[in-house]
Protein chains: 2
Amino acid sequence: MPGISKKSSSMPASAIRKLVPFSDAAEAAGIKVYHLNVGAPDIKSPDCAINAVAERCKNMHHLSYTNSAGLMELRKGLVEKYYRKIGIDIEVSELLVDVAGSEAFSVAMQIVADAGDEIIVVEPFYTNYQTFAFLYGITLRTVSTDIRNGFAIPGIEAFEAVYTPGKTKAVLISNPCNPSGKLFTKEEMLQIGEFCRRHDLFLISDEVYREFCYTDEPHFSAMNIPGCGQNVILADSVSKRYNLCGARIGCMVSHNKDVMAAALKFAQSRLCPPVFGQYAAIGALDTPQSYFDEVRQEYILRRDTAVDALNAMEGVYAPRPYGAFYTVAELPIDDAESFAKWLLTEWRMDSETVMVTPATSFYRTQGIRNQVRIAYVLEVPQLKRAMHILEEALKAYPGRTI
Amino acid sequence: MPGISKKSSSMPASAIRKLVPFSDAAEAAGIKVYHLNVGAPDIKSPDCAINAVAERCKNMHHLSYTNSAGLMELRKGLVEKYYRKIGIDIEVSELLVDVAGSEAFSVAMQIVADAGDEIIVVEPFYTNYQTFAFLYGITLRTVSTDIRNGFAIPGIEAFEAVYTPGKTKAVLISNPCNPSGKLFTKEEMLQIGEFCRRHDLFLISDEVYREFCYTDEPHFSAMNIPGCGQNVILADSVSKRYNLCGARIGCMVSHNKDVMAAALKFAQSRLCPPVFGQYAAIGALDTPQSYFDEVRQEYILRRDTAVDALNAMEGVYAPRPYGAFYTVAELPIDDAESFAKWLLTEWRMDSETVMVTPATSFYRTQGIRNQVRIAYVLEVPQLKRAMHILEEALKAYPGRTI
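Values in this document were obtained by computation on a predicted structure and should not be read as measured data. (Residues numbered from 1 in each chain as written. Chains lettered and ligands numbered in written order. Predicted model: local features only at pLDDT ≥ 70, side-chain atom pairs only at ≥ 80, totals over all residues. Heavy atoms only, no water.)

## Description of the sheet that holds strand β3 (residues 118-123) of chain A
Residue and element names in this part refer to chain A.
Then step 1. Across the sheet, seven strands lie side by side as β2-β8-β7-β6-β5-β3-β4; this open sheet has mixed pairing. The open sheet has two free edges, formed respectively by β2 (95-98) and β4 (139-144), since each of these has just one partner strand. Averaged over all pairs of adjacent strands, the angle between their axes in this sheet comes to 20°, without regard to strand direction.
Then step 2. Relative to strand β8 (residues 250-253), strand β7 (residues 232-237) is paired through four bridges, and the arrangement is antiparallel. Paired with Ala235 across the bridge in β8 is Met252.
Then step 3. With respect to the sheet, helix α5 (residues 100-112) is in contact with β2, β3, β4, β5 (168-174), β6 (202-206), β7 and β8, its orientation differing from that of β7 by roughly 160°. (Pairing = 2+ DSSP bridges. Helix = DSSP H or I, 4+ residues; strand = E, 2+ residues; numbered from the N terminus. Axes fitted to C-alpha atoms, helices over the stretch in contact; angles between N-to-C directions. Contact = heavy atoms within 4.5 Å.)

Here's what the structure looks like:
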């Protein structure tokens, strides 16, 4: 029997998804599981997006490939109806449609770094950054942030400390941040931009949660850092923005021509982005601002529900996030992975339980074992119930530390 | 200004798609281009596939992620309504939904080989095998076949000749073959299977054109090579089979548990396959056999139209293929890349021209510069017209060799 490659056998399993078999088993046994573990919102997709797909299905003869860079109608639409409206001034040639945000940052990482190179990330970070870094032989160097300080970046000297001349090629940041919900301020982004310019580094800015910000100021995109036009690569999602996660449509944006030429070669290797999803994305471009306003109000309500409930639990600490739909919470537990598994396999309240994501995998720093990521993606009554179940679980968990 | 990685700058551009800017320019100038260059059929998709998407759009609330391995309904459906029917006996756990055939073989290559390892391919081969091998640091070793011999494999000693103990990890073959249209026989596949078993190699069988076979015998899948259950990884397409190329749905199938466990990790890193496409694929499972019979008759007609026309041209040789919808033709030209570009930029007949793919990139062997791949994916009247334009072009081409 032939053996599989070292790369694929030692590849880390998704921490976010590796608990799925346990939740599947619980659900198969009739247990209701409140999914606080994945950023899979239950918010309605805009009608114009779904209708666009249905409309194209009428009298459809066959579904062809599109250009590898995506349908021109979608690329133009994104530039004119979305990016320019929010103050990101780009040309169509500076945007390429990807198979969701995942492909955008995965390809961006390969465009900036070879095997053996380094990329600086702000910790905690989205776990698949590490997965792709592993696959491409890239080393992630981390700038740590502190839950007790609201995950603010500690100052640019922390970036300098992990900068290796000749090896460091980029900073990769998600803003708003998955998993912490931290919204990096304009000042923080300007500092990072200055750092990248000084050392001639790329700045990969994962802004898939841009429309999920809860402050009064508009989101400050890395695309608008002055003087960083050749440094910044924007990894963006369309499907996430419109609660169409399954559509798998995102894009890469950059003023850097070499980056876009390389991105096209990667795009050609997978032929084209999913076309039904591209139709949905074209339709979604007509989403009215009121949709975003309503979604924003809803998430503020959910955030406050979750964060208030968490902080009311004994021994629990959760900062109030200003972006995305996650918060990282410190729990009075021995080990988040054991706790998350125990919730799925042991803990039941009226045949219900909750699922959370251990935050361990969002850190490269060892030893942070008492944090979990909570996605506040349920409606308020369900979220309240889920918080109640979590609170009772914490009292009963054999590995509790208080 | 930061420089992009060596990997992305030296990555080969898709030979199939790099002529696209020239065809775009021709079309923008009002020229009709007959696309014989890509395997993008104009055959109608099954109504049941399109209707399934339209039906799911009705009252759709939002489009969630699915399991990374795909919707269970689709996985079960593929096993029960497709694979078992055609004699490929697998369990649901032995199948995972991929983002088209491209992802399936791209991931399979990474599962079998590390950087520095070797994979044996039969030449000419699908050009993206080389693209992915480049990205993963895998060396392709080639077993050459001869157009004048109908691209038959030359005997297993040719495989032995390129086998490197400790380095060779797999054979990768497409059957029917893109680009040659060669349908490898049961005997050829058994020989390759025996070779893989003897040396403990994986056999990645890319069978995305399985339903496009033009002999009276059924297609012989690598999955049915006796004693090779742990060796074979099937890379398959759903969207290609049903003329839904843009849906981007394929799958990986293997009895090897380590392979499937690794495949799931790769699948999790990109979250899930496109969901509208999965709905189309679920609907497509109800496609009646009569659909395939009609498509087959149509392609036989197109193949004969193309191949007969090609062989009637002075100095042209094209074998009659028994699978897929391509043929490779030898033309009386100096250089296929120059010729293909000349067709798009210079040659016009009543404001029309044709686009073909230079076969150069389907070979690792240097020096084969007079072959092109012709995709017979147009309706017969259009195909006849395209052949006429090609015939006249060959008479006028400045680099003609007769």
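## Description of the packing of helix α2 (residues 20-28) of chain B against helix α12 (residues 336-345) of chain B
All names here are of chain B.
Then step 1. In contact at an axis separation of 8 Å, α2 and α12 are set at 15° when each is read in the N-to-C sense. Regarding the angle of α2 to α12, the classification is roughly parallel. In the packing of α2 onto α12, the handedness of the crossing is left-handed. Contacts between α2 and α12 involve Phe22, Ser23 and Ala26 from the former and Lys341, Leu344 and Thr345 from the latter. (Parallel < 35°, antiparallel > 145°, perpendicular 65-115°, else oblique. Left-handed = near helix turned anticlockwise from the far one by under 90°.)

## Considering the relation of the copies chain A and chain B
Then step 1. Laying chain A over chain B is done by rotating through 180° and shifting 0.0 Å along the axis; what remains is an RMSD of 0.0 Å. Both chain copies can therefore be described as sitting about a two-fold axis. When C-alpha distances to the rotation axis are compared across chain A, the minimum falls at Ala54(A), with a value of 2.5 Å.
Then step 2. Both copies present the same face, since 100% of the interface residues in chain A are matched by interface residues at the equivalent positions in chain B. (Least-squares fit on C-alpha atoms with pLDDT ≥ 70 in both.)

## Digging into the side chain of Arg241(A)
Then step 1. Along the chain, Arg241(A) falls in the loop between β7 and β8.
Then step 2. With residues near it in sequence (within four places) discarded, Arg241(A) still touches Leu78(A), Tyr82(A), Tyr83(A), Arg210(A), Glu211(A), Phe212(A), Asp236(A) and Phe292(A).

## Points about the sheet that holds strand β12 (residues 371-375) of chain A
All names here are of chain A.
Then step 1. Taken together, three strands build an open sheet; the order of strands is β9-β12-β11 and the sheet is antiparallel. Two strands lie at the open edges of the sheet, namely β9 (326-330) and β11 (357-358), each paired on one side alone.
Then step 2. Pairing geometry for β9 and β12, over five bridges, is antiparallel. Across the sheet, residue Val328 finds its bridge partner in β12, namely Arg373.

## Describing the packing of aromatic side chains
Within a pair of aromatic rings, the relevant descriptors are the distance that separates the centres and the angle that separates the planes.
Then step 1. Across all of its chains, the model carries 46 aromatic pairs over all chains by this definition.
Then step 2. Residues Tyr299(A) and Tyr376(A) carry aromatic rings whose centres are separated by 6.3 Å and whose planes lie at 70° to one another, so their mutual orientation is edge-to-face. Here Tyr299(A), found in helix α11 (residues 289-312), pairs with Tyr376(A), found in the loop between β12 and α13 (380-396); they are 77 residues apart in sequence, far enough to count as distant. Pair check on accessibility: Tyr299(A) and Tyr376(A) agree, each one buried.
Then step 3. Taking 4.9 Å as the distance between ring centres and 75° as the angle between the ring planes, the aromatic pair formed by Phe339(B) and Tyr397(B) counts as edge-to-face. Pair noted here: Phe339(B) is in helix α12 and Tyr397(B) is in the segment after α13 (380-396), with a separation of 58 residues, a long-range link. Judged on exposure class, the residue Phe339(B) and its partner Tyr397(B) are both buried.
Then step 4. Linked through ring pairs, Phe105(A), Phe125(A), Tyr126(A), Tyr129(A), Phe132(A) and Tyr136(A) together constitute an aromatic cluster.
Then step 5. Sitting over the ring of Tyr317(A), Arg148(A) keeps its end group 4.2 Å from the ring centre. (Phe/Tyr/Trp six-rings, centres within 6.5 Å; stacked < 30°, edge-to-face > 60°. Buried < 20%, exposed > 50% of the residue type's maximum accessible area, 1.4 Å probe, protein only. Lys NZ or Arg CZ within 6 Å of the ring centre and 35° of its normal.)

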